[in-house]
Amino acid sequence: MKKLLIPLLAIVVQTGCKTANTSNETSTATFKHDKAFSAAYKMINAEDLKKNLYVIAADGMEGRDTGSPGQKRAGEYIVNYYKNLGISHPKVLNSFFQKVPADFMKKRGGGNLPDSENILAFIEGSEKPEEIVVVSAHYDHVGTKNGVVYNGADDDGSGTVAVMEIAKAFQAAKKAGKGPKRSVLFLHVTGEEHGLFGSEYYSQNPVFPLANTVVDLNIDMIGRDDPANRGKQYVYVIGSEMLSSQLKVINEAANKRTNNLELNYKYDDLNDPEQLYYRSDHYNFAKHNIPVAFFFDGIHEDYHKPTDDPEKIDYPLLEKRTQLIFTTAWDIANRAERIVVDKK
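Summary of the structure given here. Keep in mind that this is a model prediction, so the values were computed, not measured.

A separate point is the nonpolar core. Across soluble globular proteins, nonpolar side chains show a tendency to be buried alongside one another. Residues Tyr82, Phe170, Phe186, Phe295 and Phe326 are the most contacted members of the largest nonpolar core, which totals 63 residues. For Phe186, the contacting residues outside a window of four places in its chain are Tyr82, Ile119, Leu120, Ala121, Phe122, Ile123, Val135, Val163, Ile166, Ala167 and Phe170. By size, the runner-up hydrophobic cluster in this structure holds 32 residues, among which are Ile132, Leu185, Met221 and Tyr236.

Ordered in space as E1-E2-E6-E3-E7-E10-E8-E9, the 8 strands form an open sheet in which the pairing is mixed. Edge positions in the sheet fall to strand E1 (97-100) and strand E9 (262-264), since each of these pairs with one other strand and no more. Direction aside, neighbouring strands of the sheet carry axes that sit 25 degrees apart on average. Note that strand E3 (residues 128-138) and strand E6 (residues 182-189) share 8 bridges and pair parallel. Residue pairing across strands places Val133 opposite Val184, the latter belonging to E6. Against the sheet, helix H10 (residues 315-334) touches E3, E6, strand E7 (213-219), strand E8 (234-238), E9 and strand E10 (292-296), its axis set at about 180 degrees to E7.

Here the amide bond leading from Asp155 into Asp156 is cis, since omega sits at -5 degrees, within 30 degrees of zero. Within the fold, Asp156 resides in helix H5 (residues 153-175).

What follows deals with helix H8 (residues 247-257). Counting buried positions along H8 yields 8 of 11 residues, so the element is predominantly enclosed. Among the residues making up H8, those that are buried are Leu247, Lys248, Val249, Ile250, Asn251, Ala253, Ala254 and Asn255.

Glancing now at the pairing of strand E2 (residues 116-123). The buried count for E2 comes to 8 of 8 residues, which makes it a mostly enclosed element. Residues Ser116, Asn118, Leu120 and Phe122 line one face of E2 and the alternating positions Glu117, Ile119, Ala121 and Ile123 line the opposite face, and both faces are buried. Of the pairings in the sheet, the one linking E1 to E2 comprises 4 bridges and is antiparallel in character. What sits directly across from Phe97, in E2, is Ile119. The sheet contact formed by E2 and E6 spans 5 bridges and is antiparallel. Looking at E6, one finds that Ala121 is bridged to Phe186.

This paragraph deals with the packing of H5 against H10. Following both chains from N to C, one finds H5 and H10 inclined at 50 degrees, their axes separated by 10 Å at the closest point. Regarding the angle of H5 to H10, the classification is oblique. As for the relative orientation of H5 and H10, their crossing is right-handed in sense. Of H10, the residues touching H5 (which contributes Ser158, Val161, Ala162, Glu165, Ile166, Ala169, Phe170 and Ala173) are Leu318, Thr322, Ile325, Phe326, Ala329, Trp330 and Ala333. Here the residues of the contact of H5 with H10 are counted per class, giving 12 nonpolar, 2 polar and 1 charged.

Look at helix H3 (residues 69-85): 25 Å from first C-alpha to last across 17 residues, which is about the 24 Å you get at 1.5 Å a residue. Along H3, the positions that sit buried rather than exposed are Gly70, Gln71, Ala74, Gly75, Ile78, Val79, Tyr81, Tyr82 and Leu85. Those residues of H3 that are buried are in contact with helix H2 (46-56), E1, E2, H5 and E6. Positive phi appears at Gly86, one or two residues downstream of H3, with a value of about 85 degrees.

Conventions and cut-offs
- Residues numbered from 1 in each chain as written.
- Predicted model: local features only at pLDDT ≥ 70, side-chain atom pairs only at ≥ 80, totals over all residues.
- Heavy atoms only, no water.
- Core = buried A, V, L, I, M, F, W, Y, C linked by side-chain atoms within 4.5 Å.
- Buried < 20%, exposed > 50% of the residue type's maximum accessible area, 1.4 Å probe, protein only.
- Contact = heavy atoms within 4.5 Å.
- Pairing = 2+ DSSP bridges.
- Helix = DSSP H or I, 4+ residues; strand = E, 2+ residues; numbered from the N terminus.
- Axes fitted to C-alpha atoms, helices over the stretch in contact; angles between N-to-C directions.
- Parallel < 35°, antiparallel > 145°, perpendicular 65-115°, else oblique.
- Left-handed = near helix turned anticlockwise from the far one by under 90°.
- Nonpolar A, V, L, I, M, F, W, Y, C, P; charged D, E, K, R; others polar.
- Expected span 1.5 Å × (residues − 1).

It is worth stressing that arrangement in space is one thing and function is another; only the former is reported here.
So this is what it looks like as structure tokens:
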């Protein structure tokens, strides 16, 4: 997650009442007696999350700074993972990579960053393929400083491997003949730490029309706990009712169906002093009126420090949070009607 920049850029998203409309109940038809969902859900496990994270956050990735050789190595690992699962890229692209040019980043304060890439993996929907559910995370971190590697295991290695696991679960359901009705885009963005560059580039150069993008479920740091919640089974959820009265309801119902985590809405406030709603990649979807939910574990003692290492991740809790996000994505991808955008 990027550090807060002051003064804050002009705020373009407004919101109405902060109470979710509980009359918009989640679609029970997407879960009832659904063996495919149950089997896919169970495929998300701590062991695989750990295996992938120890690669993504290894010293050999050199902290995954934007456009660096280490980040590119991490990107190749991610792409090979999808290839091995039989998941491809969007047909309109020639590969899994969407180039984010150095000039684009430089104009936005990116200094002398080199060209970098977003990574896009894609499962086409069976009934409403033109409608897109986005599950996103940034795979860059802050690199190496004075010879010390900042591995970024939580920020955002945890989100990166969660997206990979969610894709695995959807692909398993597809192979069982129960693929999602809507298409799902697994979006790994670059340049987040320097200014949300990858997601901004995607929002200005979308592979699929933004008008057809149903939601962005953004995952940025879900592998640890913060001092205020030490030892708790929780996750912060930010933005889920800013633009849609249904998204928060759907996510809360998914939580009750799964691990019943404590959903903490402390930062779900446009006036939050930390301004977290504006500090990760979901914001580049929200400013285009696309409903978002940002899943987050809080600011812990190793945030943006070289001690953010994979051995400090709470893998059982990472598994539970990933399962929650998958369940939310499953509901949105398979419900009869597209979720509403009824708040401006």
